[in-house]
Amino acid sequence: MLTHFPIFLDLHQRSPLVIGDDAGLAAKLRLLRKAAPIVEVIVSHAATWPDQFADDAAVRFDRRADLVHDHRKAGQDAFLHHAIKGRSLVILDTGDAALNWALVATARQHGVPVNVPDHPDLCSFYLA
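Here goes a summary of the coordinates provided. Since the model is a prediction, treat every value here as computed from it, not as a measurement. (Residues numbered from 1 in each chain as written. Predicted model: local features only at pLDDT ≥ 70, side-chain atom pairs only at ≥ 80, totals over all residues. Heavy atoms only, no water.)

**With respect to the pattern of salt bridges**
Per the stated rule, a full pass over the model turns up four salt bridges. A salt bridge links R64 to D62, with the nearest nitrogen and oxygen atoms 3.0 Å apart. Residue classification places R64 among the buried positions, given a relative accessible area of 17%. (Salt bridge = Lys/Arg side-chain N within 4 Å of Asp/Glu carboxyl O. Buried < 20%, exposed > 50% of the residue type's maximum accessible area, 1.4 Å probe, protein only.)

Spelled out as structure tokens, the structure:
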């Protein structure tokens, strides 16, 4: 019996979301851009990997002062969790295990497929 069901998602109806400063997310964003007309990304001001997409108007960045530490401030945690709701999918790697777990829990609560690269125990889908 299959443990995962192969599926294709239409990324034109609802924008996917990428969250995190991990440089490996650049490869995931390039893959998403092949299928999604718009991809939204939440990173900190310290992240350098987004510079690769400076000329791509279809990638919308929301830069936060400090993604990992600011999520504990009033309103920041709610912002991240609200950003996940209604997405076609989320790919994230904040570099903070507790924050990754909390965001994965939010995605699952809202029925949003989620992937955390190199952490299969947190993933509800995998990229081929």
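**So, the environment of W49**
Inspection of the secondary structure puts W49 in the loop between β2 (39-44) and β3 (59-64). Excluding anything up to four places from it in sequence, W49 contacts V18, G20, D21, D22, A23, L25, A26, L29, V41, V43 and F61. Here the side chain of W49 touches G20 through a polar contact of 3.3 Å, landing on its backbone oxygen. (Helix = DSSP H or I, 4+ residues; strand = E, 2+ residues; numbered from the N terminus. Contact = heavy atoms within 4.5 Å. Polar contact = N/O pair within 3.5 Å; in protein donor to acceptor, adjacent residues only side chain to side chain.)

**Details of helix α1 (residues 25-33)**
For α1, the set of buried residues is L25, A26, L29 and L32. With its buried residues spanning 120° around the axis, α1 presents them on a single face. Summarising the contacts, the buried residues of α1 are in contact with β1 (17-19), β2, β3 and β4 (90-92). (Arc of directions from axis to C-beta.)

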